[in-house]
Amino acid sequence: MSGPIRLWVAVKHGVDVVLARADRSTGTVAMDRAPRKTSDFDRNAVEEAVRIREKLGGTVTALTVGPPTSKEALRDALALGADEAVLITDPARPDLDGRGVARALAAYARTHPGFDLWFFGEGSTDHFTGTIGPRVAAEIGAPSLSYARRVSVEDGAVLVEREYEHELEKVRAAFPAIITVGQEINQPRVPTFMSTLKASKKEIRSFGPSELGVQPSDWAPLARRDRVFVPEVNRKRQAVSGADPATTARGLVDALRREGVLP
Amino acid sequence: MSGETVLVFSEEAEAIPGLLAAARAAVGPGPGRVELAVLADGGGPAGSAVGGADRVYRLLLPENARHDPELVAVALRRAQEAANPRLTLVASTKRGRETAARLAGATDSAVSTGVASFALEPEGVRIRREVLSGNALGEEVLLGPRPIVAVMLGAPVPAVPPTTPPEIIDVPPPEGAGRIALVERTVKPAGGLRIEAAERIVSVGRGLRKKEDLSLIEELARAMGAVVGCTRPIAAEAGWLSDDHWIGLTGHRVKPRLYVAVGISGAVQHLVGMRESTVVVAINKDPNAPIFAQSDFTVTGDLYTVVPALVRALSGA
């Protein structure tokens, strides 16, 4: 490693899963018009990069791909402590699919080489495919270390502890490397009034396809999203109440025995 | 559709029979082919569960290489080139999703993970999967050549012994070493809590005021013959219970016959983990808590009153 450590973090301005509502008559969610927010795990990714910078120095650059409104996610990252922010945007294609996002990020990395560690959330709150980090890594030929629960930086290398369904692993890779993190890795800080104010004044650099040396067709969609719909919930929603807690409790126990779910 | 090939791959031997069955169902009867790629890195039994595959590619990787998705994807790509499949199907495990993503990046193909169901259609591969943290289902069509699907598998399917031995092709190891060094791998101890298998679960959330009060919840679980589950704040933030108990989007997904949610408001990331339960009970102070809309029986009240009363009612007192 030479010079201060360069940390990148990819963030997504995704659909807000709490505020998104289905149309009552069709049961479908209009994803393109749904309210958006910064994806949850991306906050963990920013937090991890900022903690490394606080310990070792260096810079944290937040990057996002999407329409200009995605700058909100960059403002969040800046308020959490990122130093700089980059928006990759294509007016012709405001919303790219996973392939498009990965190729856009890869194109930025090719034209602006020099990251040491690049953090991603292990999945997004809205789609949660968990593919973007490793996909970018494959595009640019970097190692990808996914599902990190603990990250330590050594001299020019990174040590990652992670958990799989049946195994725990410790793995090491030299810079540059791509890392995805889950929620267990840290508790992201809450931005202060001052950090939010400062973030709102920082410059966000913007790049389009021509500046990144790609043809717009390079990030044409490979998936067609037909519909998003809310499956019906068929629950009884039966309130159990009695004159006092003991009666209520007996009522509930009786109901569960009738259902055959209690011995 | 007929006459097409689905290539199946998993790092985990226990996933292979289920994948083979799903692939066979997708190609249908007739001339469709199911081919299988297995890891031969000495890290686990690979060639045993091959019943139902017309051909098997053994990916000869350096010993214990499965920690490096780049090496695995490079090898799988060679099998993919040889099989020329309509679809490459992997299990939507953590390793499976990572391998799928790297393979998609290397081949510039469509990929999706966490897929609940899929079908081969003339235009592409139609998939259905959970989106919006499990609040909704999404339908997509994966277009272009060499699509990759990571599918969610249910309970493991027993392996079928092959009726005729499949053709076996060895795929030589990639040139050069991987860029990720394995420092340590530990297999999680068996016999730990497998909350997915629980028939009844009593689960607790932020309504619980302090760690010591967990004894209340444990008592109720004992009285119901249930295991204790919890939400993310209780496991990941407070650390009152281990991750083995954590139910939700990034925790465990459960489908018990009875799920009792105590002091759980019902954040969407939690609901996705318990939505498949047969009967759901919610106990909460707030009658407007989102969990109530997802429950069969609701009790509005303070858990500190309701839970002890329930324990007494169950013990017949």
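Rules used in this analysis
Residues numbered from 1 in each chain as written. Chains lettered and ligands numbered in written order. Predicted model: local features only at pLDDT ≥ 70, side-chain atom pairs only at ≥ 80, totals over all residues. Heavy atoms only, no water. Domains from an automatic or database assignment. Contact = heavy atoms within 4.5 Å. Buried area = accessible area lost by both parts, 1.4 Å probe. Salt bridge = Lys/Arg side-chain N within 4 Å of Asp/Glu carboxyl O. Polar contact = N/O pair within 3.5 Å; in protein donor to acceptor, adjacent residues only side chain to side chain. Nonpolar A, V, L, I, M, F, W, Y, C, P; charged D, E, K, R; others polar. Phe/Tyr/Trp six-rings, centres within 6.5 Å; stacked < 30°, edge-to-face > 60°. Helix = DSSP H or I, 4+ residues; strand = E, 2+ residues; numbered from the N terminus. Lys NZ or Arg CZ within 6 Å of the ring centre and 35° of its normal. Buried < 20%, exposed > 50% of the residue type's maximum accessible area, 1.4 Å probe, protein only. Pairing = 2+ DSSP bridges. Axes fitted to C-alpha atoms, helices over the stretch in contact; angles between N-to-C directions.

A.B. asks: Help me understand the domain arrangement of chain B in this model?
C.D. replies: Size of an interface, as often reported, equals the accessible area lost when the parts are brought together. Residue and element names in this part refer to chain B. When cut into domains, chain B gives domain 1 (5–171) and domain 2 (195–314). Facing the five residues of domain 1 at the interface are six residues of domain 2. When the two sides are added together, the surface that domain 1 and domain 2 hide from each other amounts to roughly 500 Å², 39% of it contributed by carbon and sulfur. Counting across the interface, domain 1 meets domain 2 through two salt bridges. For the interface between domain 1 and domain 2, the tally reads three residue pairs in polar contact (both at pLDDT 80 or more). Along the lines of polarity and charge, the residues of the side of domain 1 that touches domain 2 split into one nonpolar, three polar and one charged.

A.B. asks: I would appreciate a short explanation of the packing of aromatic side chains in the present structure.
C.D. replies: Two aromatic rings, taken as a pair, are described by how far apart their centres are and by the angle between their planes. In total, this model carries eight aromatic pairs over all chains according to the counting rule given. Ring plane angle 75° and centroid distance 5.0 Å describe the contact between Trp8(A) and Trp118(A), whose orientation is recorded as edge-to-face. One end of the pair, Trp8(A), is in strand S1 (residues 6–10); the other, Trp118(A), is in strand S6 (residues 117–121), and 110 residues separate them in sequence. Grouped by ring-pair contacts, the aromatic residues Trp8(A), Tyr108(A), Phe115(A), Trp118(A), Phe120(A) and Phe207(A) constitute a single cluster. Above the plane of the ring of Tyr164(A) lies Arg95(B), whose end atom (NZ or CZ) is 3.8 Å from the centre. Above the face of the Tyr304(B) ring, Arg209(B) is positioned so that its terminal group lies 4.0 Å from the ring centre.

A.B. asks: I tried to follow helix H4 (residues 132–140) of chain A on my own but got confused; where do I start?
C.D. replies: Along an α-helix, residues three or four positions apart point the same way, because every turn accommodates 3.6 residues. Within H4(A), seven of the nine residues are buried, which leaves the element mostly enclosed by the surrounding structure. Buried residues of H4(A): Gly133(A), Pro134(A), Arg135(A), Val136(A), Ala137(A), Ala138(A) and Glu139(A), and no others. As for H4(A), its buried residues are in contact with helix H3 (98–111), S6, strand S7 (144–154) and strand S10 (177–181) of chain A together with helix H3 (94–107) and strand S5 (111–120) of chain B. Looking at the residues trailing H4(A), positive phi occurs at Gly141(A), about 70°.

A.B. asks: Help me out: how do you make sense of the sheet that holds strand S8 (residues 157–163) of chain A in this one?
C.D. replies: Across a sheet, paired strands are connected by hydrogen bonds in the backbone, their directions being either parallel or antiparallel. If you walk across this open sheet you meet the ten strands as S11(A)-S5(A)-S4(A)-S1(A)-S6(A)-S10(A)-S7(A)-S8(A)-S9(A)-S10(B), and the pairing is mixed. The open sheet has two free edges, formed respectively by strand S11 (204–207) of chain A together with strand S10 (180–187) of chain B, since each of these has just one partner strand. Averaged over all neighbouring strand pairs, the angle between strand axes comes to 30°, with direction disregarded. Strand direction decides the pairing type here: S7(A) and S10(A), joined by three bridges, are parallel. By the bridge assignment, Ala148(A) is partnered in S10(A) with Val181(A).

A.B. asks: I'm lost on the pattern of salt bridges in this one. Help?
C.D. replies: Oppositely charged side chains are able to pair whenever their charged atoms sit close together. One pass over the structure, following the stated rule, counts 52 salt bridges over all chains. Close ionic contact of Glu123(B) with Arg224(A) constitutes a salt bridge, the shortest N to O distance being 2.2 Å. Within this pair, whereas Glu123(B) is found in the loop between S5 and strand S6 (125–131), its partner Arg224(A) is found in strand S12 (residues 223–229), the two belonging to separate chains. Relative accessible area serves as the criterion here: at 44%, Glu123(B) is assigned to the partly exposed category. Since its relative accessible area comes to 31%, Arg224(A) is described here as partly exposed. The closest approach of N and O atoms between Arg126(B) and Glu139(B), which form a salt bridge, is 3.6 Å. Of this pair, Arg126(B) sits in strand S6 while Glu139(B) sits in strand S7 (residues 136–142), placing them 13 residues apart in sequence. What makes Arg126(B) partly exposed here is its relative accessible area of 21%. Judged by relative accessible area, Glu139(B) falls into the buried class, the value being 14%. Through salt bridges that share partners, Arg224(A), Asp226(A), Arg227(A), Glu121(B), Glu123(B), Arg126(B), Arg128(B) and Glu139(B) make up one connected network.

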